[in-house]
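Overview (structure and organization)
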Amino acid sequence: MSVLPRTISGFHPDPDGTPGPAPCGGGAPHGLTTRSRTAGTVASELPRVVGAGLVVPTLSGPTPYANLDHAASTPALVAVKEAVDRALETYASVHRGAGYASRLTSAWYEQARAEVAAFVGARSDDAVIFTRTTTDSWAVLSAALPADTTVFIFASEHHSTLLPWGDLRTVRLPVPHSVAEARALLADELAARSGGQHAAHRLVVITGASNVTGEIWPVEDFARLAHEHGARIAVDAAQLSAHRRIDVAAWDVDYLAFSGHKTYAPFGTGVLAGRSDWLDGGDPYLRGGGATRVVAAGDTTWATGAARHEGGSPNVIGAIALAAACATIAAHRVAIEEHESRLLSRLRDGLSTIDGVDELSIFDERHDRVGVVAFTVRGFEASLVSQVLSVEHGVGVRDGRFCAHLLVDDLLSGTGEHETAVRASIGLGSTKEGVDRLIGGLRELVEAGPAAAWTRADSGWVVDGDDPRDREVVRPW
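First, a word on what this report is: a plain description of the structure on this page. (Residues numbered from 1 in each chain as written. Predicted model: local features only at pLDDT ≥ 70, side-chain atom pairs only at ≥ 80, totals over all residues. Heavy atoms only, no water.)

**A closer look at the overall build of the protein chain**
Summing up its helical and strand segments, the protein chain has 13 helices and 19 strands in all. Taking as baseline every contact in the protein chain between residues at least 6 positions apart, the subset at least 24 positions apart corresponds to 72%. (Helix = DSSP H or I, 4+ residues; strand = E, 2+ residues; numbered from the N terminus. Contact = heavy atoms within 4.5 Å.)

Now the structure itself:
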């Protein structure tokens, strides 16, 4: 069944609900209504993903792919592909054309915005801006911050959240090792920087769930703490959006960002949702068509609302894809969480039975987490472990420091052996058989070593002889 965005009539680009003038000419699609195919539905079965039957080459022959790399990127939902295929049939310019295809495409684009707003629990006056990625979302917010803003952030953050604010206005807190320690560190810094140059505007930035360990931060508690000290809070929901409910209004957070490519909609779309005053007051992120109200000989009047930061022709297909993913996840949420909880327990229980495998945690091993597990294997480099799992067992994981170097360095500082780790991450493309194959492959590696001979080259570990993955594949175009 195709999944389309919920019904909305008209086009309202501004937060106050008043339709703005058409960017670069052309009329906005007032009055056009399309119906939702999923509104009000709740499903108990798991939604399907594209590529679930993928077979990959290994040393022992073609093998079903065990996808345990969802924290990096998720596959597309079948419902997303169907929505994209349908939208492409009438794809046209957005907010610029009077023709029917343009009116329909424009209506779907704004309905996609409303679908995403509902998915994140945005307040009625929040801006919901389509970007390219979570990284891009934080770049938009960073550029819009008042000039005197001080940003407070933990060293445990992903680089996309850690780096965009600028060194001069960023207060970087150390990696905490308990929630209580994190609260105390933040409270002390907020109290210490409550006057003078720090009094006007302050922003706390935290993750919703670690992309390294999967551990979930108590967002509501930190939002309350930030507000008690007169600060705003921004939440990185990149590792939450596909796995747990997110709710801007209920959590009382000021800004939230996430990516389509981690939410089963890998079509180059991100989202920044939150309070509109700083965003309307900041310089437009992309200066050009669509971001303006009036361009005169000596002056330019910029748009407010999402349009201010969405200059140029928008990624309407990506927006529709993300809306379809959000609608599908919302309809299947219970089944998704149960599926991931079962697989995560199976994965962690299995890892705990293998001598020499050590799981990493920021807080403690019992802390609530999404389906992300980072670990090391004594006696084996993480890069070799991931290559062995791929070429010998058809299992996809990731190794490295996961764009969170400061956190991984801290977690590995006491090992004396490892500089990087292996990360296995669960989602709708993961299966019980795939988890068991990962566990079995690790046990074989620990007990008997690799099945093949491997050499450490400048580019990393390479299998001696022919790598079965190095085969000629017909391009998709």
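**What about the pattern of salt bridges?**
For the structure shown, the criterion picks out 23 salt bridges. In this structure, arginine 244 and aspartate 368 form a salt bridge, with 3.0 Å as the shortest nitrogen-oxygen distance. A residue pair is termed long-range when its members are at least 10 positions apart, and arginine 244 in the loop between strand 8 (232-236) and helix 7 (248-251) and aspartate 368 in the loop between strand 13 (357-359) and strand 14 (372-377) qualify at 124 residues. You can call arginine 244 partly exposed: its relative accessible area is 25%. Among the charged side chains, a salt-bridge network with shared partners connects Glu215, Arg348, Glu359 and Arg369. (Salt bridge = Lys/Arg side-chain N within 4 Å of Asp/Glu carboxyl O. Buried < 20%, exposed > 50% of the residue type's maximum accessible area, 1.4 Å probe, protein only.)

**Some details on unusual backbone geometry**
One non-glycine residue, tyrosine 264, adopts positive backbone phi at about 65°. Mapped onto the secondary structure, tyrosine 264 falls in the loop between strand 9 (255-259) and strand 10 (270-274). Take tyrosine 264: its relative accessible area is 0%, and that puts it in the buried class. Phi is positive for cysteine 403, which is not a glycine, with a value near 55°.

**Comments concerning the sheet that holds strand 14**
Judged by pairing direction, the sheet is antiparallel, and its four strands sit side by side in the order 13-14-17-16 without closing on themselves. Each end of this open sheet is capped by a strand with a single partner; those strands are strand 13 and strand 16 (398-400). For this sheet the average axis-to-axis angle between neighbouring strands, irrespective of direction, equals 35°. Strand direction decides the pairing type here: strand 16 and strand 17 (residues 421-425), joined by three bridges, are antiparallel. What sits directly across from arginine 398, in strand 17, is arginine 423. Those strands touched by helix 10 (residues 333-352) are strand 13, strand 14 and strand 17, and its axis lies near 15° from that of strand 14. (Pairing = 2+ DSSP bridges. Axes fitted to C-alpha atoms, helices over the stretch in contact; angles between N-to-C directions.)

**Structural notes on the nonpolar core**
One finds Leu186, Val204, Phe222, Ile233, Leu256 and Phe258 to be the most contacted residues of the largest nonpolar core, which totals 82 residues. Ranked by residue count, the leading element in this core is helix 9 (residues 316-331), at 11 residues. Residues in contact with valine 204, not counting those within four places in the same chain, are Phe152, Leu186, Leu190, Ala226, Ala231, Arg232, Ile233 and Ala234. Residues Leu347, Val397, Ile426 and Leu442 belong to the second largest nonpolar core, which totals 31 residues. (Core = buried A, V, L, I, M, F, W, Y, C linked by side-chain atoms within 4.5 Å.)

**A few points about the sheet that holds strand 6 (residues 170-173)**
By definition, the strands of a sheet pair up through backbone hydrogen bonds, in either a parallel or an antiparallel sense. Reading across from one edge, 4-10-9-8-7-5-6 is the order of the seven strands in this open sheet, with mixed pairing throughout. Both edges of this open sheet fall to strand 4 (127-131) and strand 6, since each of them pairs with a single strand only. Averaged over neighbouring strand pairs, the angle between their axes works out to 15° when direction is ignored. In terms of strand pairing, strand 4 meets strand 10 through five bridges, oriented antiparallel. Across the sheet, residue phenylalanine 130 finds its bridge partner in strand 10, namely valine 271. Packing against the sheet, helix 3 (residues 134-144) makes contact with strand 4, strand 7 (201-207), strand 8, strand 9 and strand 10, and its axis sits at approximately 150° to strand 9.

**Looking at the pairing of strand 14**
Both faces of the sheet carry side chains from a regular strand, because those side chains alternate between them. Most of strand 14 sits inside the fold, with six of its six residues counted as buried. Residues Val372, Ala374 and Thr376 point to one face of strand 14 and Val373, Phe375 and Val377 to the other, with burial holding for every one of them. Where strand 13 meets strand 14, three bridges bridge the pair, whose relative direction is antiparallel. Opposite aspartate 358, over in strand 14, you have threonine 376 as the bridge partner.

**Quick look at the environment of cysteine 326**
Relative to the assigned elements, cysteine 326 resides in helix 9. For the pair cysteine 326 and tyrosine 264, spaced 62 residues apart in sequence, the C-alpha to C-alpha distance is 8.8 Å.

**Here's the deal with the environment of glutamate 381**
Considering the arrangement of structural elements, one finds glutamate 381 in the loop between strand 14 and helix 11 (382-393). Expressed as a C-alpha distance, the spacing of glutamate 381 and glutamate 419, which sit 38 residues apart in the sequence, is 8.5 Å. Here glutamate 381 is in contact with Arg456 and Trp461, once residues within four sequence places are set aside.

**Section: the pairing of strand 8**
Within strand 8, five of the five residues are buried, leaving the element largely enclosed by the surrounding structure. Neither face of strand 8 is open: one carries Arg232, Ala234 and Asp236, the other Ile233 and Val235, and all of them are buried. With five bridges connecting them, strand 7 and strand 8 associate as parallel partners. Counterpart to valine 204 in the pairing with strand 8 is isoleucine 233. Once you follow strand 7 into helix 6 (residues 219-228) and on to strand 8, the crossover reads as right-handed. One ladder, built from three bridges, connects strand 8 with strand 9; its direction is parallel. By the bridge assignment for strand 9, alanine 234 is matched with tyrosine 255. (Right-handed = clockwise from strand over helix to strand, strands pointing away.)

Purely spatial values, then, with no claim about function.
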